[in-house]
Amino acid sequence: MNQLPITGHTGLLCLLGSPVAHSISPAMHNESFAYYGLDYVYLAFDVSPEKFDVAVDGLTVMNARGWNCTMPHKRLMYERADRLSEEAKLIGAVNTVVQEDGVLTGYNTDGRGYMAAVADAGYDVIGKKMTLLGSGGAASSIVAQAALDGVCAIDLIARHGASWDAIHEVVDRVNAGTSCRVSMYELRDEAQMRKSIRESAILVNASSVGMSPREEGCLIPDKSFLHPELIVSDVIYNPRKTRLLEMAEQLGCPAFNGMYMLLYQGAYAFELWTGKKMPVGLIKEKYFQN
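Residues numbered from 1 in each chain as written. Predicted model: local features only at pLDDT ≥ 70, side-chain atom pairs only at ≥ 80, totals over all residues. Heavy atoms only, no water.

Can you explain the sheet that holds strand E1 (residues 11-17)? Please cite residues and give values.
With mixed pairing, 6 strands are arranged side by side in an open sheet as E2-E1-E3-E5-E6-E4. In this open sheet, the two edge strands, each paired with only one partner strand, are strand E2 (40-46) and strand E4 (83-84). Where E1 lies against E2, 7 bridges are found, and the strand directions are parallel. Residue pairing across strands places Gly17 opposite Asp46, the latter belonging to E2. Against the sheet, helix H1 (residues 25-36) touches E1, E2 and strand E3 (66-69), its axis set at about 170° to E2. Relative to strand E5 (residues 96-100), helix H10 (residues 259-274) is tilted by about 5°, and along the sheet it contacts E1, E2, E3, E5 and strand E6 (103-107). (Pairing = 2+ DSSP bridges. Helix = DSSP H or I, 4+ residues; strand = E, 2+ residues; numbered from the N terminus. Contact = heavy atoms within 4.5 Å. Axes fitted to C-alpha atoms, helices over the stretch in contact; angles between N-to-C directions.)

Encoded structure:
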């Protein structure tokens with residue numbers, strides 16, 4: 001990477017979250033700036049929720065071009081944005097901000113990143129049914145974008161826990177605002193889980209169950225819930241092969257992990273800020289090799 005020297009004209013882009021030290025976003029974006037010779041720098045800032053508003057005020061005053069928000073700030077940024085994209089309104093969360101003359105426009109590129117990863121893996125799920133596991137931010141993003149893109153039906157299966165009411169609001173907005181029909185079921189209803197998966201073209205684990213260091217976790221009880229034609233995907237990328245993906249492999253299901261969702265959500269943010277396509281081939285080669 002031959003990054004341009006930082007000068008008094010260099011534009012600032014960044015990531016706000018906590019924690020952020022593990023993030024690959026600075027490498028992805030700075031490599032892409034260098035590729036085009038763009039005079040920007042992307043940094044990661046660990047910001048607590050208590051200091052979030054102060055950080056946003058500072059970035060606005062300093063005329064930062066934009067920023068990403070990761071956990072736990074996506075809903076906070078949704079509340080702060082002056083304008084919201086269609087998908088951000090449905091999701092109720094923002095992961096990408098573009099600033100123009102002090103006006104903050106909020107987007108959510110997570111769901112677009114997931115749908116691009118599906119296409120990158122060679123699958124077409126438009127007009128078909130999806131079963132989605134989880135009720136957090138990733139699930140909200142995917143259900144909204146999949147509906148906007150034309151997935152015809154989604155069965156969302158989750159624990160009736162702290163995030164149930166929040167994603168129920170997302171589901172209500174999606175059902176009211178798109179032609180996709182989204183239904184919610186509790187995780188403990190295994191008969192419904194079997195039925196939903198049997199009727200679906202794709203199964204998505206959008207929860208953190210199975211993520212390192214608790215790699216033994218899986219929301220699917222066993223591989224008998226799957227069928228060989230089912231596309232199986234996981235938003236988790238550490239480990240690269242979760243227990244769910246191992247089950248899929250044993251049954252011969254087509255399957256992929258969350259690495260390229262991470263890549264493409266960043267690529268969409270890059271394009272919003274710069275008007276240019278991220279060089280995804282280069283970024284894949286340097287940072288996403290399995």
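Please set out the side chain of Asn95 residue by residue, giving values where relevant.
Tracing the sequence through the fold places Asn95 in the loop between helix H4 (86-91) and E5. We classify Asn95 as buried; its relative accessible area is 2%. Only 2.8 Å separates the side chain of Asn95 from the backbone nitrogen of Thr109, close enough to count as a polar contact. A distance of 3.4 Å separates a polar atom in the side chain of Asn95 from a polar atom in the side chain of Gln265. (Buried < 20%, exposed > 50% of the residue type's maximum accessible area, 1.4 Å probe, protein only. Polar contact = N/O pair within 3.5 Å; in protein donor to acceptor, adjacent residues only side chain to side chain.)

Go over the packing of aromatic side chains with me, naming the residues and quoting the values.
This structure, assessed with the given rule, holds 8 aromatic pairs. Between the aromatic rings of Phe33 and Tyr40, the centroid separation amounts to 5.5 Å while the plane-to-plane angle is 45°, which identifies the pairing as tilted. Take Phe33: its relative accessible area is 1%, and that puts it in the buried class. Residue Tyr40 is classed as partly exposed on the basis of its relative accessible area, which comes to 22%. With 5.0 Å between their ring centres and 90° between their planes, Tyr35 and Tyr36 make a pair best called edge-to-face. (Phe/Tyr/Trp six-rings, centres within 6.5 Å; stacked < 30°, edge-to-face > 60°.)

Describe the pattern of salt bridges, and please don't skip the residues or the numbers.
All chains considered together, the criterion is met by 11 salt bridges. Taking the shortest distance from any N to any O, the salt bridge between Lys129 and Glu199 comes out at 2.6 Å. One end of the pair, Lys129, is in strand E7 (residues 129-133); the other, Glu199, is in helix H8 (residues 190-199), with 70 residues separating them in the sequence. Take Lys129: its relative accessible area is 16%, and that puts it in the buried class. Judged by its relative accessible area of 38%, Glu199 is partly exposed. One continuous salt-bridge network, built from bridges that share partners, spans Lys129, Asp155, Lys195 and Glu199. (Salt bridge = Lys/Arg side-chain N within 4 Å of Asp/Glu carboxyl O.)

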